[in-house]
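Single-letter residue listing:
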Amino acid sequence: MTLMTEREQAQLTYRDQTFALPVLEGSEGEVAIDIGKLRRDTGLITLDPGFVNTGSCSSAITFIDGEKGILRYRGYPIEDLAEHSSFLEVAWLLLFGELPSTEELEAFDEDITRHSMLHEDFKRLFAAFPKDAHPMPTLASALGALSTFYEEPRSEKQIRQGIVRLIAKMPTMAAYAYKHSIGQPTIYPRNDLGYASNFLHMMFATPCEEYEVDPVVARALDLLLILHADHEQNCSTSTVRLVGSSQAHLFASIAAGVLALWGPLHGGANQKVIEMLEDIAAGGGSAKEFLEKAKSKDDTTRLMGFGHRVYKSYDPRAKILKQACQDVLSRMGGNSQLLDIAMELESITLEDDYFISRKLYPNVDFYSGVIYKAIGIPVPMFTVMFALGRLPGWIAQWLEMRNSPEFRIGRPRQVYIGATERRLS
Ligand code: CMC
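Residues numbered from 1 in each chain as written. Predicted model: local features only at pLDDT ≥ 70, side-chain atom pairs only at ≥ 80, totals over all residues. Heavy atoms only, no water.

## Some remarks on helix H15 (residues 337-349)
Applicable threshold: Secondary structure follows DSSP: runs of H or I at least 4 residues long count as helices, runs of E at least 2 residues long count as strands, and numbering of each begins at the N terminus. In this scheme, a helix's expected span is set at 1.5 Å multiplied by one less than its residue total. Summary of the burial criterion: residues with accessible area below 20% of their type's maximum are buried, those above 50% are exposed, and those between are partly exposed, where the area comes from a 1.4 Å probe applied to protein chains only. Contacts: residue pairs with any heavy atoms within 4.5 Å of one another.
With 13 residues, H15 extends 19 Å from end C-alpha to end C-alpha; this agrees with the ideal 18 Å at 1.5 Å per step. Leu338, Leu339, Ile341, Ala342, Leu345, Glu346, Ile348 and Thr349 are the residues of H15 that are buried. Its buried side turned inward, H15 meets helix H12 (269-282), helix H13 (287-295), helix H14 (316-332), helix H16 (353-357) and helix H17 (364-374).

## Here we look at a negative patch on the surface
Test applied: Exposure above 30% relative accessible area and the lack of any salt bridge qualify a residue for a patch; like charges then connect within 9 Å, and the nonpolar side chains Val, Leu, Ile, Met, Phe, Trp and Tyr within 5 Å. Computed by Shrake-Rupley with a 1.4 Å probe, the accessible areas treat only the displayed protein chains as cover when residues are assessed. A pairing counts as a salt bridge when a side-chain nitrogen of Lys or Arg comes within 4 Å of a carboxyl oxygen of Asp or Glu. This count recognises Lys and Arg as positive and Asp and Glu as negative, with His and chain-terminal groups excluded. Charge positions come from single atoms, namely NZ of Lys, CZ of Arg, CG of Asp or CD of Glu.
On the surface, a cluster of negative charge is contributed by Glu103, Glu104, Glu106 and Asp109. Tracing the backbone through its elements, the reader meets Glu106 in helix H4 (residues 102-114). Judged by its relative accessible area of 56%, Glu106 is exposed.

## Here's the deal with the packing of H12 against H15
Formally: Simply put, an axis is a line fit to the C-alpha atoms, just over the touching stretch for a helix, and the angle between two N-to-C directions goes from 0 to 180 degrees. Roughly parallel means an angle under 35 degrees; roughly antiparallel means over 145; roughly perpendicular covers 65 to 115; every other angle is labelled oblique. When residue character is reported, Ala, Val, Leu, Ile, Met, Phe, Trp, Tyr, Cys and Pro are called nonpolar, Asp, Glu, Lys and Arg charged, and the others, Gly included, polar.
It is the contact of H12 with H15, at a shortest axis distance of 10 Å, that shows an interaxial angle of 95°. Considered as vectors, H12 and H15 are oriented roughly perpendicular to each other. Along its contact with H12, which presents Ile274, Met276, Leu277, Glu278, Ile280 and Ala281, the element H15 presents Gln337, Leu338, Ile341, Ala342 and Leu345. Grouping the amino acids of the contact of H12 with H15 by side-chain chemistry returns nine nonpolar, one polar and one charged.

## Structural notes on the sheet that holds strand S2 (residues 17-25)
To keep it simple, the criterion reads: Should DSSP find at least two bridges between two strands, the strands are taken to pair.
Pairing in this open sheet of three strands is antiparallel, and the strands run S1-S2-S3 from one edge to the other. Each edge of the sheet is formed by a strand with only one pairing partner; in this case those strands are strand S1 (5-14) and strand S3 (31-33). Mean inter-strand twist for the sheet, computed between neighbouring axes without regard to direction, equals 30°. In the sheet, S2 pairs with S3 via three bridges, with the strands oriented antiparallel. The residue bridging Val23 from the neighbouring strand is Ile33, located in S3.

These values are about where atoms sit, not about what they do.
Take a look at the structure:
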């Protein structure tokens, strides 16, 4: 497949020389100057802290138009997938490029179901962590440990099996991490339950009591997983690609992605949003006062769940989640105070010049925490939920990188600004 077409050339004039640089165009019209040979031909490198203008790869997985608020997986709009698909169907789509047939989906589901147990020795690993350990580093450690239980997948067949193991075992690891943190015995997966329901069962059942999965909760969780499933070259995905580019073990690359996701400017924002809403509620609920702090240059407070490097309009995932919050809360009869505060914050920002001029809108993390809370997910587990959702995207990006004809180890350059040579004597 040709991923990009060569269009025309850009010219770079430096000192008294002009250099021609190829200009490539993606299938949705994104135009890029190819600087792959820039240093070889000119001695120059480019500088772009934060990779604001740097394309690190070509990819056929996810398309985002941040100006128009468009998100598509393999060409399918996120709105359609959210309405009509299941998480495992979307995982297959991301991994293999097409929606699965009924038979393929059934076989995939069965394969995942049959690999969800963890080796019994894992229990000792979880037991070694302090009770108040955050579940994100615990999950990352468990993923690292998984690579000691299974040899590195190399052939296509082994890689396929590695993918199934990851998708099957990650919910079990996440639930074990939670059970350890509250001092309860771990609960084995149940093969008669679907992916989201099984996770809820492992989180909330106890050996003394069955947990009856509420279908509204299971569907809400499945929707959340779909909405988080991929988002092209964000911080954690770029981490997975970079670590994987050294030909590190698949499981280790995913563990690195989990740790990158943990940060509050990335996936960790969903936990921070709910803490922010709870703080506002505890302080009497003044959204306006909080916003003044978020706008002030003398204060480091940010409105968590707002703003995005790529979206300069409303994040389409936030739009779906806002509606889902209203549906879930009305069907479950939960307390809507936090949703009310969130909606008040949003409506003030939409009229406020600070947010308008900087194009800051709610992102996926703004409303997700309200649903997680409504369906009973404990706050420290919010970012783990994001990781469960993002897993197929990380794997798909890893696979695409490893199979790409452009494959090379990732190794950015720098502009050195330190001391020039000096001697001890
Ligand atoms: N609250 C207040 N001001 C903000 C916010 C915010 N949430 N986000 C950006 N700004 C301001 C920022 O201060 C800067 O103002 P100025 O031009 O006066 O210096 C301007 O907007 C541009 O911000 P930036 O930090 O240069 O933008 P960025 O593209 O580097 O950062 C971001 C993007 C998502 C890290 C940032 O918007 C942010 O910190 N948001 C809050 C954390 C958050 O919700 N993260 C989740 C992101 S989406 C899901 C995910 O990736 O996991």
